[in-house]
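Coordinate analysis (summary)
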Amino acid sequence: RPLSRLIPVARQDKPASEKIPREQAWSFVIRELRDSDELSRTCAAAAALEIVEDGWILSDEGNQVEELAVNLLYALNRALDCGNAGAGLPLLLAIGRMLTEAEDEGKAAKSLLSSQGQRGQPNEKRGQSLVQLLAFWLPKGVATGAMAADKGAAIAA
């Protein structure tokens, strides 16, 4: 959980010894997005959102953006299976930010869109497009008596 709060600190002018090593943060977040524990995936999603917001995807060296895209979609599928808007919200926000990132000339969006069929979901749902995954959250958010997290997930979708 603290990782998501420490990522923004990494951009400040501090000695390298006081910053989070990016490579370790990337690999940790990518791995934890596939964890079997929902809370771990949700915390990793919050850290992924910070990675995207902080612009790390702009300086990606290698295939980390592609790995992040595949694992974000995997975690979104798992949140959808549980119907947990709290788990889905940081994923939806990270995906939304990746889809609208202009400075990388659409690399992040291309990674997300090309990752749709590579989710590696145990109960394969390859027939669902990214749009279908996003649309799941809309009716939950507009239902009478919807919880705040459901409304937030619907807005993010």
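Residues numbered from 1 in each chain as written. Predicted model: local features only at pLDDT ≥ 70, side-chain atom pairs only at ≥ 80, totals over all residues. Heavy atoms only, no water.

Ring pairs (aromatic) are described by centroid distance and by the angle formed between their planes. With the rule as written, the count across this model stands at 1 aromatic pair. Relative to W137, the ring of F136 has its centre 4.9 Å away and its plane inclined at 90°; by these criteria the two rings are edge-to-face. The exposure class assigned to W137 is buried, which follows from its relative accessible area of 0%. (Phe/Tyr/Trp six-rings, centres within 6.5 Å; stacked < 30°, edge-to-face > 60°. Buried < 20%, exposed > 50% of the residue type's maximum accessible area, 1.4 Å probe, protein only.)

Our next topic: the confidence of the model for the protein chain. In this model, the protein chain carries a mean pLDDT of 78, and residues with pLDDT of at least 70 account for 75%. In the model, residues 121-127 has pLDDT below 50 throughout and makes 14 contacts with residues more than four positions away in sequence or in other chains. (pLDDT = per-residue confidence, 0-100. Contact = heavy atoms within 4.5 Å.)

This next bit is on the side chain of D150. Tracing the backbone through its elements, the reader meets D150 in helix α9 (residues 148-156). On the accessibility criterion, D150 (14% relative accessible area) is buried. Residues contacting D150, with those up to four places away along its chain left out, are A85, W137, K140 and G141. (Helix = DSSP H or I, 4+ residues; strand = E, 2+ residues; numbered from the N terminus.)

This part is about the environment of R22. With respect to the secondary-structure elements, R22 resides in helix α2 (residues 22-32). Judged by its relative accessible area of 35%, R22 is partly exposed. The sequence separation of R22 and W56 amounts to 34 residues, and the corresponding C-alpha distance is 8.5 Å. Here R22 is in contact with W56 and S59, once residues within four sequence places are set aside.

Time to look at helix α4 (residues 64-82). The terminal C-alpha atoms of α4 lie 27 Å apart, and with 19 residues this matches the ideal 27 Å at 1.5 Å per residue to within 8%. The buried fraction of α4 is high, at 15 of 19 residues. One or two steps after α4, the chain reaches G83, where phi turns positive at roughly 65°. (Expected span 1.5 Å × (residues − 1).)

With that settled, the discussion passes to the pattern of salt bridges. Considering all chains together, one arrives at 3 salt bridges under this definition. One salt bridge connects R97 with E53, and the closest N-O pair in it is separated by 3.3 Å. Of this pair, R97 sits in helix α5 (residues 85-100) while E53 sits in helix α3 (residues 38-53); the two residues are 44 residues apart in sequence, bridging distant segments of the chain. Between D150 and K140 there is a salt bridge whose closest N-O contact spans 4.0 Å. Of this pair, D150 sits in helix α9 while K140 is found in helix α8 (residues 137-142), placing the two residues 10 residues apart along the sequence. The partly exposed category is assigned to K140, whose relative accessible area is 26%. (Salt bridge = Lys/Arg side-chain N within 4 Å of Asp/Glu carboxyl O.)

It is worth spelling out the packing of α3 against α4 at this point. Between α3 and α4, the shortest axis-to-axis distance is 11 Å and the interhelical angle comes to 140°. Here α3 lies oblique to α4, going by the angle between them. Note on packing geometry: the crossing formed by α3 with α4 is left-handed. Contact residues: E38, R41, A48 and V52 in α3; L68, L72, A75, R78 and C82 in α4. Its residues assigned to classes, the contact of α3 with α4 shows 6 nonpolar, no polar and 3 charged. (Axes fitted to C-alpha atoms, helices over the stretch in contact; angles between N-to-C directions. Parallel < 35°, antiparallel > 145°, perpendicular 65-115°, else oblique. Left-handed = near helix turned anticlockwise from the far one by under 90°. Nonpolar A, V, L, I, M, F, W, Y, C, P; charged D, E, K, R; others polar.)

Once that is clear, we can look at α3. With 16 residues, α3 extends 22 Å from end C-alpha to end C-alpha; this agrees with the ideal 22 Å at 1.5 Å per step. Residues of α3 that are buried include every one of R41, T42, C43, A44, A45, A47, A48, L49, E50, I51 and V52, and no others. Following α3 by one or two positions, G55 adopts a phi angle in the positive range, close to 85°.

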